[in-house]
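# Descriptive structure summary
Here is what each chain is made of, one letter per residue.
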Amino acid sequence: MTFASKEYLFFFVTVLVLYWLLSRRRQNHMLLVASYVFYAAWDWRFLSLIIISTLVDHYVGHKICDEKRTRIRKLWLTSSLVINLSILFYFKYCNFFIDSLQGMLQGLGIETGLQTLNIILPVGISFYTFQSLSYSLDIYRGKLTPHKSLLTFATFVAFFPQLVAGPIVRAREFLYQLDAPRKFHWATFEDGALRFLKGLFCKVFIADNLGIYLVDPVFVDTAGHSTGMLWLAMIGYGVQIYADFSGYSNMAIGSAKMLGFSLPENFNFPYLATSIVDFWRRWHLTMSRFFRDYVYISLGGNQCGPWRNFFNVTVTTLISGLWHGANWTFVIWGGLHGLLVSLTHVWQRLTDGSVIGQFLTKAWWLRWAITQLAVMLLWVVFRSDSMVSAVDFYTGLFVVQQGAVLALPAIVWLAFVAFLIEHGVGWSQEHSSDKSDNVSARPVMWVRAGVYVAMMVALTHGMPSGQTPFIYFQF
Amino acid sequence: MFRFWQRLSLDAPLLKRVLLVWIGLELCVAFILPSVLPTRWYFDLYLPDKAVESTHKFLAGEGYLKPDVNVGWVNQSNLHEHHWQTDQFGARTTATYAMERNGRGRVLFAGSSMINGGHLASNAETISGFLASNELETMNFGTMLHEMDQVLIYYRHYLKQFQPDLLVVGINPDPVSGLKNLYIPLRRPKEVYMPYLKPRFEYKLGVLALLSVDPQWLSPLPNQQLLHILGEHDAYYGRFERYQRTHFMPLSRSVDYLRKQFSRVSKLWQGSDENAEHLLELLMQLLINEAAAAGTKVVFLAMPDAAQFRGGWKQKLHDDYGDRLARLKKRYPVIDVRKLFRESGWRQKQLFQADRVHYQPAANELIADALRQSDLSCHILHSCQQQAVRQ
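Residues numbered from 1 in each chain as written. Chains lettered and ligands numbered in written order. Predicted model: local features only at pLDDT ≥ 70, side-chain atom pairs only at ≥ 80, totals over all residues.

## What to know about the interface of chain B and chain A
Frequently, the measure chosen for interface size is the accessible area removed from exposure when the parts meet. So the rule is basically this: Note on contacts: residues are paired as contacts if their backbone-placed C-beta atoms lie within 7 Å. Here a helix means four or more residues in a row that DSSP labels H or I, a strand means two or more in a row labelled E, and each is numbered from the N terminus. Residue polarity is assigned by list, with Asp, Glu, Lys and Arg as charged and Ala, Val, Leu, Ile, Met, Phe, Trp, Tyr, Cys and Pro as nonpolar; anything else, Gly included, falls into the polar class.
On the side of chain A, 18 residues touch chain B, which itself brings 15 residues to the contact. Secondary structure elements with two or more residues in the side of chain B that touches chain A: helix 1 (2-11), helix 2 (13-36) and helix 11 (250-266) of chain B. Counted by class, the side of chain B that touches chain A contains 11 nonpolar, no polar and 4 charged residues.

This is how it looks when you write it as structure tokens:
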């Protein structure tokens, strides 16, 4: 049951209506049942993993809080980390490490006879594991007190709008919302419903159409397409993955809002970024925040020498790359981003106050162009099945090759235009000199209403047949 | 309602405007535009590009079927495509036969692709193929999407000349819907490979009148004359009118979707379309009479699809196959293929192809054996049974 399906619409409307008819206490119970039903619709067997994670962290949270001795507290935290990360490792990375080990040993001429295991990857395991872990970590750091109610905690871990692909919510920003009384407000409902619509449009109209008609055919047969098509497909993938993931996040935030909850933002127009550091302040914010708080800062953050900082950044981005999937392409993608972040810091230090530095400060368009070129080029590694296919793609990009030119349907160009409008609005919001709230002016409101209706019409006609899974569900 | 609207205006002014624009546009698209815009434009949108392409190919005589002024379409003659082979008459046979009789028994098959055997079965794996022998000529004129009205016309204009001893006619799983239809895309919009025109009979005030069609009416596509004829004579034209009102906007489309689902479910509690059933019986009777006048016996095969074969709760509520068969069996020689399949003890996958409509070769063989042993086919097939050489 994906958000962009009739089943979800039916499920959500039913939950929404019943939810607002119940008392707060029952609302939480209902959310928990609905969340488990939602997850069981994918694969009921993996519900046990969520339940294990929930029970472990709830128990460990109390134990850490009750314990005064630092060593024992650390021991409890370690036990939570070991259990959660073992589950994650087994289901997500076991085969990857077996494969890599085998490849390495074979390279040394050693036959291992190791075989990969037949493991199914549970949907959204990286998301809910991290969410549950953040609870124990925050209690250990003294930023949170354990929650008494196991049911409320279980509802936090399994909250269906963000269960399978985020945003990654921290316990301290969500648990109190579950405890607070909720009242239906039309204003919040309006915000949520329109947010959901926007997300659905991004996912179905922009991401799915770009994927089906442009990105997938070109990435499947790199050698068979012209250099121009490869550039277009690379940009297409950049737009697709953004529309897909930000679309999901918007649907999650919108669904939660309609239920009276506030989830953190996950994107802030990443393709307006004028440096790689800026890009990571706009892309997958909740994941970046998680790794910053629990990995980068734990390693020492930037409160150390430049080389140590370089090391911290690289390790954090490598782990974040690996978080995306069990493949060397993700690790390399993360590593390269880390390298670029570090180089940006070094460059800023070197050019600070110089003529070049002053020029670059003014020439935002040049910084933007260089940043976006780097981001797009790195998406190739992210999208490719292996490093060999990534290298093939790069070769096709920079060595002019003849090949097929796809006859793209009009809907692909419309998807690009819709994306440009979306980011254009973001740009105008960021650069508008008039910061007053003119979006609520009457004529503007009518225009906005027209745009939302146009989205609905576009969805009615621009929905590719069949369901396309969200890209981030695999992570 | 007023209070709700007031609340919405105060707390959610944007949502209110979205609802207003949306509903206004829905009403405009559903009720104003169809009377302002030319129907031709809608028809252009209604027909998928693939259907237009298929029409051009069809009119140019390319593909498995070719246009026919009497029947609408018939099999292409002398075609050899993979498993599919037709002779100079457009029949699927296992040997070459002349039109003139030469002392051997002759059995003709007519009906839809279920009789024809479809693309996946070779000529020898069709029902007719399993019956063919040195003593018996079997010619399979089964043609994709042919209905009982077309079978009758086909017999009148072409098949009669072959002077068969026996004519085996397939009754489709739904043999009545197509009798009210002139243009396939109106009844089956997803049938993009066969956007053809078919003749139909209209039974009004005790008179059976034939509405002939000319495939050339499809050129150019669309044209006002065609739309006018369809509006007058195709019972499914209303679907196209509904398309004009409901296809373009999300709310009307959703309402139409729900209406379709509801009508599909409610059909389970409704009786069958008596007028169409009566027309079917009239056509069968006419076929029997005209064939008998030429010395030909007719046997009908009531052919179920997988859903009708399997049964289930829907069939318990409304068994259209069983009801129709019970009625037809009283008056006509009909072989119950569903009973045959069920008694065989075979599973659905052994009998039906993946499309859950067409039969596997083993099922065709089962039907051929039943035909051979049936009293309904009299001595025609019995006498040949001894020498039947089956592959």
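## Considerations on the domain arrangement of chain B
Residues and elements named next belong to chain B. We apply this condition: Residue ranges for the domains originate in an automatic or database domain assignment.
Looking at chain B, the domain boundaries give domain 1 (2-36) and domain 2 (38-391). A straight line from the C-alpha centre of domain 1 to that of domain 2 covers 47 Å. Taken together, the contact between domain 1 and domain 2 spans 6 residues of the former and 7 residues of the latter. Split by residue class, the side of domain 1 that touches domain 2 holds 5 nonpolar, no polar and 1 charged.

## Here we look at the packing of helix 11 (residues 285-296) of chain A against helix 12 (residues 306-324) of chain A
Residues and elements named next belong to chain A. The cut-off we apply is this: All axes here are fitted lines through C-alpha atoms, helices being fitted over the stretch that makes contact, and every angle between N-to-C directions spans 0 to 180 degrees. An angle below 35 degrees is read as roughly parallel, one above 145 as roughly antiparallel, one from 65 to 115 as roughly perpendicular, and any other as oblique. What makes a crossing left-handed is the near helix being turned counterclockwise from the far one by less than a right angle; a clockwise turn instead makes it right-handed.
Relative orientation of the contacting elements helix 11 and helix 12 amounts to 130 degrees, with a least axis distance of 10 Å. One way to sum up the angle between helix 11 and helix 12 is to call them oblique. The two elements helix 11 and helix 12 cross, and the hand of that crossing is right-handed. Across the interface between the two elements, Met287, Phe291, Val295 and Tyr296 of helix 11 pack against Asn312, Thr316, Ile319 and Ser320 of helix 12. The class makeup of the residues in the contact of helix 11 with helix 12 is 5 nonpolar, 3 polar and no charged.

## Brief notes about the confidence of the model for chain B
Residue and element names in this part refer to chain B. We apply this condition: For every residue, the predictor assigns a confidence score, pLDDT, that lies between 0 and 100.
Mean pLDDT for chain B: 89, with 96% of residues reaching 70 or above. Of all helices and strands in chain B, the one with the weakest mean pLDDT is helix 19 (residues 378-385) (55), whereas helix 7 (residues 148-157) scores best (96). Taken together, the stretch residues 383-391 has pLDDT below 50 and engages in 13 contacts with residues farther than four places along the chain or on a different chain. Taken over the whole predicted complex, pTM reads 0.78, whereas the ipTM for its chain interfaces reads 0.76.

## Concerning the environment of B:Ala209
Residue and element names in this part refer to chain B. Selection rule: Partly exposed residues are those falling between the two cut-offs: more than 12 but fewer than 20 other C-beta atoms within 10 Å of their own, whereas 20 or more means buried and 12 or fewer means exposed, with C-beta atoms placed from the backbone.
Along the chain, alanine 209 falls in strand 9 (residues 207-211). For alanine 209, a count of 10 C-beta atoms within 10 Å puts it in the exposed group. Spatially, the C-alpha atom of alanine 209 lies 15 Å from that of valine 71, the residues being 138 residues apart in sequence. Those residues in contact with alanine 209 that sit more than four places away from it in its chain are Phe201 and Glu202.

## Concerning the sheet that holds strand 7 (residues 166-171) of chain B
Residue and element names in this part refer to chain B. To keep it simple, the criterion reads: Here, any two strands with at least 2 DSSP bridges between them count as paired.
Spatially, the 5 strands line up as an open sheet ordered 6-5-7-10-11, and their pairing is parallel. Every other strand in the sheet has two partners, leaving strand 6 (136-140) and strand 11 (334-336) as the edge strands with one partner each. Neighbour-to-neighbour, the strand axes of this sheet turn through a mean angle of 20 degrees, independent of strand direction. Sheet analysis places strand 10 (residues 297-302) next to strand 11, joined by 3 bridges and oriented parallel. When the bridges of strand 11 are listed, leucine 301 appears paired with isoleucine 335. Across the face of the sheet, helix 16 (residues 337-344) comes into contact with strand 10 and strand 11 while running at roughly 30 degrees to strand 11.

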